[in-house]
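As a plain string of letters, each chain reads:
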Amino acid sequence: MTRAVFILLLGCLVVAAVSLAVGPVALAPARILAAFAHTDDVAATILFQLRLPRTLVALLVGAMLGLGGAALQGYLRNPLAEPAVLGASNGAALGAVVALYFGLAAVQPLALPLLAIVGALVALLLLFALAGRGESALTLILGGIAVSMLAGAGISLALNLSPNPFAAMEIATWLMGSLADRSMQHVWIALPCVAIGGALLFVDGRAFDALTLGEDGARALGVDLRRVRIRLLLGIAIGVGGAVAVSGAIGFVGLIVPHFVRPWTDRSPSATLLPSALAGAVLLTLADTAIRAIPTPTELKLGVVTAILGVPVFLIHLLRERRQW
């Protein structure tokens, strides 16, 4: 695993450097150095005000989605689990849609990310109410599906009742996911959420390993499943809520990334957590860089691209690995 982590860390540095250099205005290495030396004001503006925040947001969001997917697949013992399974992603999206629908985002820019985080936490509370005191993974999956469907219905209702086509277009555009026009303000919104959410998920790596023996086996090893569940749900709600708040809805990253890194590890859930976070950061940053490099009249939406690329890649990988899970 140490080798995989080293390679992925190196990959993060490489894709971050490429992301800073690629865009509508190409920045040669000499201009990038001049920007750091403050001798090229135009290059400095492009680098530090436009590309650096976008790159940092991509790294943070990708890391959180990858980590969330690995944690959920380990806890639920389900290779198709991802943050959307517990309703956190759709809950955060619904909170953001509320901010857009009522015009709160136009009055106060922080309203959108804050309501997205609130939406994820409300989805968490509703899931607790539906699951009751049960500790079964199946109970959480079924409750999460119900919460996701309810949040999806709320999003559809907002689109259906939009007061004008421009409001509907703004909501639809946000739901497609994008990292365009991000600033350091978005970085500071996402960073504490991802840090807190990630820390809560990393704490229970060994508990996820114990759960491979089943819930009864984990209890026999002294695992408090109720506390593990609380930390898991809080970590997903806070981390994914903060990530979705600044990026919009981006799918498939949390689903496919753990499958790619699992062959590099001993396949235990705890061993996939850190590599999945790093691989998620690499994947999302690389996808966002590719979007900027593709010449199109209108920049492609990141969520659309990850979905288009994610489905066939995941199916191919699933066919190769299905006997090794």
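The following refers to the structure shown. Note that the coordinates shown come from a computational prediction; the quantities given were computed from them, not determined experimentally. (Residues numbered from 1 in each chain as written. Predicted model: local features only at pLDDT ≥ 70, side-chain atom pairs only at ≥ 80, totals over all residues. Heavy atoms only, no water.)

Brief notes about the overall build of the protein
Summing up its helical and strand segments, the protein has 15 helices and 0 strands in all. Taken against the 2.2 N^0.38 rule, which gives 20 Å for 325 residues, the C-alpha radius of gyration of the protein at 20 Å falls within 12% of a compact globule. With the principal axes as the frame, the protein shows a C-alpha extent of 65 × 50 × 35 Å. In the protein, which comprises 325 residues, the share counted as buried stands at 53%. Contacts spanning at least 24 positions in sequence make up 78% of the contacts within the protein whose residues lie at least 6 apart. Within the structure as shown, the protein displays about 15,000 Å² of accessible surface, and the carbon and sulfur contribution to it stands at 71%. (Helix = DSSP H or I, 4+ residues; strand = E, 2+ residues; numbered from the N terminus. Rg over C-alpha atoms; globule rule 2.2 N^0.38 Å. Buried < 20%, exposed > 50% of the residue type's maximum accessible area, 1.4 Å probe, protein only. Contact = heavy atoms within 4.5 Å. Areas by Shrake-Rupley, 256 points an atom, 1.4 Å probe, with all protein chains shown as cover.)

Describing the packing of helix α4 (residues 88-101) against helix α8 (residues 165-175)
One can describe the packing of α4 onto α8 by two numbers: an axis separation of 10 Å at closest approach and a directional angle of 155 degrees. Between α4 and α8, the interaxial angle falls into the category roughly antiparallel. In terms of crossing hand, the pair formed by α4 and α8 is right-handed. Along its contact with α4, which presents A93, A96, V97, L100 and Y101, the element α8 presents E170, I171, W174 and L175. (Axes fitted to C-alpha atoms, helices over the stretch in contact; angles between N-to-C directions. Parallel < 35°, antiparallel > 145°, perpendicular 65-115°, else oblique. Left-handed = near helix turned anticlockwise from the far one by under 90°.)

Brief notes about the packing of aromatic side chains
Summed over the entire model, instances satisfying the criterion amount to 2 aromatic pairs. An angle of 75 degrees between the planes, with centres 6.3 Å apart, marks the rings of Y75 and F208 as edge-to-face. Placement of Y75 in helix α3 (residues 41-76) and of F208 in helix α10 (residues 205-211) is noted, with a sequence separation of 133 residues between them. A relative accessible area of 2% places Y75 in the buried class. Assessed through its relative accessible area of 1%, F208 is described here as buried. Ring geometry for Y101 versus F102: centroids 5.0 Å apart, planes at 85 degrees, classification edge-to-face. (Phe/Tyr/Trp six-rings, centres within 6.5 Å; stacked < 30°, edge-to-face > 60°.)

Some remarks on the environment of V240
Within the secondary structure layout, V240 lies in helix α12 (residues 225-247). Considered as a pair, V240 and A120 are 120 residues apart in the sequence and their alpha carbons are 7.8 Å apart. Contact partners of V240, with chain neighbours within four places excluded, come to M64, P83, S89 and G235.

What to know about the nonpolar core
One recurring pattern in soluble globular proteins: nonpolar side chains tend to sit buried together. Among the nonpolar cores identified, the biggest contains 83 residues, and Y75, L76, L140, F208 and L232 are the most heavily contacted of them. Once residues lying within four places of it in the same chain are set aside, the contact partners of L140 are Y75, L76, L86, L127, A131, R229 and L233. Core analysis: the next-biggest nonpolar cluster, separate from the first, contains 8 residues, L20, L27, A43 and A44 among them. (Core = buried A, V, L, I, M, F, W, Y, C linked by side-chain atoms within 4.5 Å.)

A few points about the packing of helix α1 (residues 2-21) against helix α14 (residues 269-293)
At their nearest, the axes of α1 and α14 sit 9 Å apart, and the two run at 20 degrees to each other. On the basis of the axis angle, α1 is roughly parallel to α14. α14 is crossed by α1, and the crossing has left-handed handedness. On α14, the residues touching V5, L8, L9, G11, C12, V15, A16, V18 and S19 of α1 are L274, P275, L278, A279, A281, V282, T285, L286, T289 and R292. The class makeup of the residues in the contact of α1 with α14 is 14 nonpolar, 4 polar and 1 charged. (Nonpolar A, V, L, I, M, F, W, Y, C, P; charged D, E, K, R; others polar.)

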